[in-house]
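Architecture at a glance
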Amino acid sequence: MISINSTQLHCDSFGDGPPLLLVHGFPLTGEMWHGVSLRLAHRWRCIIPDLRGHGRSPAIAEVSIARFSDDLAELLDALGESRPVVLIGLSMGGIIGFEFFRRYRARLRALVLTCTRANSESPEGAARREAVAEAVLREGSRAAVDAMIENVFAPGTPTPLRAYWHSVMCACPPFGVAAAARALAGRADSRPTLPQIDIPTLVIAGARDSITPVDTLREIHAGIRGSRLEIIESAGHVPPIEASAEFARILAEFLDALPA
Ligand code: MLT
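Throughout what follows, the structure given in this document is the object of discussion. (Residues numbered from 1 in each chain as written. Predicted model: local features only at pLDDT ≥ 70, side-chain atom pairs only at ≥ 80, totals over all residues. Heavy atoms only, no water.)

**Things to note about the site of the ligand**
Close contacts around the ligand come from Gly-25, Phe-26, Ser-91, Met-92, Arg-117, Arg-129, Met-148, Ile-211 and His-237, and that covers them all. Interatomic distance of 2.9 Å between a side-chain N/O atom of His-237 and an oxygen atom of the ligand. When the free accessible area of the ligand is taken as 270 Å², the share hidden by the protein chains comes to 95%. (Near = heavy atom within 4 Å. Polar contact = N/O pair within 3.5 Å; in protein donor to acceptor, adjacent residues only side chain to side chain. Areas by Shrake-Rupley, 256 points an atom, 1.4 Å probe, with all protein chains shown as cover.)

In structure tokens:
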């Protein structure tokens, strides 16, 4: 556990070399990056937190995308990591990445935006997320997970893999899951940020993702000058889990081409 200003975060940090900050989605945990990070840690330092209210990090009743991104900056300080990082975010992790860019541009070397979205929430979407938050507080995290698990993985994903991640997601504390659902409902519109992104950016989509379909990622790619788009044919919403070797290969190629 790493103490930051207002809470503690569980964080794995391993490997040698320039820092990568890997930020998971909702309601997942840092474990989703392990297949990728183990392939990169011989040349990169992998910093992999469980965001507050997820995995082994304690929850608080309220959070926001801004708070998540401040947590990441405080985490880097607590780890003594002052070098600019490559932030690699999946879905909610990418949404946090946009906010991190707005707040901490100088701490970023590059961005990798995976299966994420730049828009703010629609009124209907916000109402759906509020209903999920209330169901989670009544019935437990499973209420959120059951509502989304069918769409997380590409059709045909082996049942044991899906069942394993279902249980990991269900184990996230209900307070944390409800708070994160509300944070997603209140997220800022990041579309005006896209033309401001002036650091190397890789956008990755899963061809079989029904939560953030490929066109959503194409729009992000089109909005960020000089960005690169990669589509992983076999993957749904969580390519780092579903296609970790291919994801790591694409990522390593991007990282190797970064200016020193
Ligand atoms: C995620 O993976 O972070 C979620 O799917 C985000 C969302 O529900 O928009």
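**Overview of helix 3 (residues 92–104)**
Every α-helix carries 3.6 residues per turn, so stepping three or four residues along brings you back to the same face. Taking 1.5 Å of rise per residue, the 13 residues of helix 3 would be expected to cover 18 Å, and the 18 Å separating its terminal C-alpha atoms lies within 8% of that figure. By the criterion of burial, helix 3 is predominantly enclosed, with ten of the 13 residues buried. Where helix 3 is concerned, the buried positions are Met-92, Gly-93, Gly-94, Ile-95, Ile-96, Gly-97, Phe-98, Glu-99, Phe-100 and Phe-101. Along its buried surface, helix 3 packs onto strand 4 (19–23), helix 2 (65–78), strand 6 (85–90), strand 7 (108–114), helix 7 (174–185) and helix 8 (214–223). (Helix = DSSP H or I, 4+ residues; strand = E, 2+ residues; numbered from the N terminus. Expected span 1.5 Å × (residues − 1). Buried < 20%, exposed > 50% of the residue type's maximum accessible area, 1.4 Å probe, protein only. Contact = heavy atoms within 4.5 Å.)

**Some points on the sheet that holds strand 3 (residues 11–14)**
On the basis of which strands lie adjacent, the open sheet formed by seven strands has the order 3-5-4-6-7-8-9 and mixed pairing. Two strands bound the open sheet, and with one partner strand each, they are strand 3 and strand 9 (228–232). The mean inter-strand angle of the sheet, taken between neighbouring strand axes irrespective of direction, is 15°. With five bridges connecting them, strand 8 (residues 201–206) and strand 9 associate as parallel partners. When the sheet's bridge partners are listed, Gly-206 is paired in strand 9 with Ile-232. Packed on one face of the sheet, helix 2 meets strand 3, strand 4, strand 5 (45–49) and strand 6 and runs near 130° to strand 5. (Pairing = 2+ DSSP bridges. Axes fitted to C-alpha atoms, helices over the stretch in contact; angles between N-to-C directions.)

**Concerning the side chain of Arg-187**
Counting through the fold element by element, Arg-187 comes out in the loop between helix 7 and strand 8. For Arg-187, a relative accessible area of 5% puts it in the buried group. Of the polar contacts made by the side chain of Arg-187, one reaches the side chain of Glu-121; its length is 3.1 Å. Setting aside residues up to four positions removed in sequence, Arg-187 forms contacts with Ile-65, Ile-95, Arg-117, Asn-119, Ser-120, Glu-121 and Arg-129.

**Let's talk about helix 8**
All of the buried residues along helix 8 are Val-214, Leu-217 and Ile-220. Seen end-on, helix 8 carries its buried residues on one side only, within an arc spanning 120°. With respect to the buried face of helix 8, the exposed residues turned more than 90 degrees away are Asp-215, Glu-219 and Ala-222. Buried residues belonging to helix 8 abut helix 3, strand 7, strand 8 and strand 9. (Arc of directions from axis to C-beta.)

**Some points on the packing of aromatic side chains**
Evaluation of the coordinates by the stated rule reveals three aromatic pairs. When the centroid spacing of 4.9 Å and the interplanar angle of 45° are considered together, the rings of Phe-100 and Tyr-104 count as tilted. Taken as a pair, Phe-100 and Tyr-104 lie in helix 3 at a separation of four residues, close to a single helical turn. Judged by its relative accessible area of 0%, Phe-100 falls in the buried class. Look at Tyr-164 and Trp-165: their rings are 5.4 Å apart centre to centre, the planes differ by 85°, and that puts the pair in the edge-to-face class. (Phe/Tyr/Trp six-rings, centres within 6.5 Å; stacked < 30°, edge-to-face > 60°.)

**A look at the pattern of salt bridges**
Counted under the stated rule, the structure contains 22 salt bridges. Ionic pairing is found between Arg-67 and Asp-71, a salt bridge with its closest N-O pair at 3.0 Å. Pair noted here: Arg-67 and Asp-71 are both in helix 2, with a separation of four residues, about one helical turn. We note a salt bridge from Arg-228 to Glu-253, for which the minimum N-O separation is 3.1 Å. Residue Arg-228 is found in strand 9, and its partner Glu-253 is found in helix 10 (residues 244–256); the two are separated by 25 residues along the sequence. (Salt bridge = Lys/Arg side-chain N within 4 Å of Asp/Glu carboxyl O.)

**Comments concerning the pairing of strand 8**
Taken across its six residues, strand 8 has six buried, putting it largely inside the fold. For strand 7 and strand 8, the ladder comprises four bridges, and the chain directions are parallel. Note on strand 8: the bridge partner recorded for Thr-114 is Ile-204. Following the backbone out of strand 8, through helix 8 and into the adjacent parallel strand 9, one traces a crossover that is right-handed. (Right-handed = clockwise from strand over helix to strand, strands pointing away.)

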